[in-house]
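Listed here are the chains, written in short residue letters.
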Amino acid sequence: ARAGVGRFFLFDMDTLEPPNLSRHVAGVDELGCNKAYVVERRIRSVNPNIQVSCCTRNVVDDPGGMAALEEAAKQSHLLICTIRTILVCSSTPYP
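I'd love a proper account of the overall build of the chain, names of residues and values included.
A count of helices and strands for the chain gives two helices and four strands. Beginning at the N terminus, the succession of helices and strands in the chain can be written as β-α-β-α-β-β. Across the chain, contacts joining residues at least 24 apart in sequence account for 34% of those joining residues at least 6 apart. As presented, the chain carries roughly 6700 Å² of accessible surface, and 55% of it is formed by carbon and sulfur atoms.

Right under this line is the structure:
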């Protein structure tokens, strides 16, 4: 948000748990909250006018979640996907 990104699509079906605190922007007051919505609040605290969409569906096992991820990817110039220790980055050129 500080770098001028205008739109974020956030996908996470998990809730914030104590072991997540060491690697997350969230604080203890947000324990039990969905991680995507926690990050959305942080982004909006930097820029309240930014576009943020959150999806809390499972993008691996739920066809609807995967469809939402595929649609977001089509609208994105950069996709960063982290699942546990796997990091996948993909970018598309500007039109």
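Account for helix H1 (residues 35–46), with residues named and values stated.
Side chains that are three or four residues apart share a direction in an α-helix, a result of its 3.6 residues per turn. Here H1 is 12 residues long and its end C-alpha atoms lie 17 Å apart, about the 16 Å a rise of 1.5 Å per residue gives. Within H1, burial applies to Lys 35, Ala 36, Val 38, Glu 40 and Ile 43. Buried residues along H1 sit in contact with strand S1 (7–11) and strand S2 (51–55).

Criteria and thresholds
- Residues numbered from 1 in each chain as written.
- Predicted model: local features only at pLDDT ≥ 70, side-chain atom pairs only at ≥ 80, totals over all residues.
- Heavy atoms only, no water.
- Helix = DSSP H or I, 4+ residues; strand = E, 2+ residues; numbered from the N terminus.
- Contact = heavy atoms within 4.5 Å.
- Areas by Shrake-Rupley, 256 points an atom, 1.4 Å probe, with all protein chains shown as cover.
- Expected span 1.5 Å × (residues − 1).
- Buried < 20%, exposed > 50% of the residue type's maximum accessible area, 1.4 Å probe, protein only.

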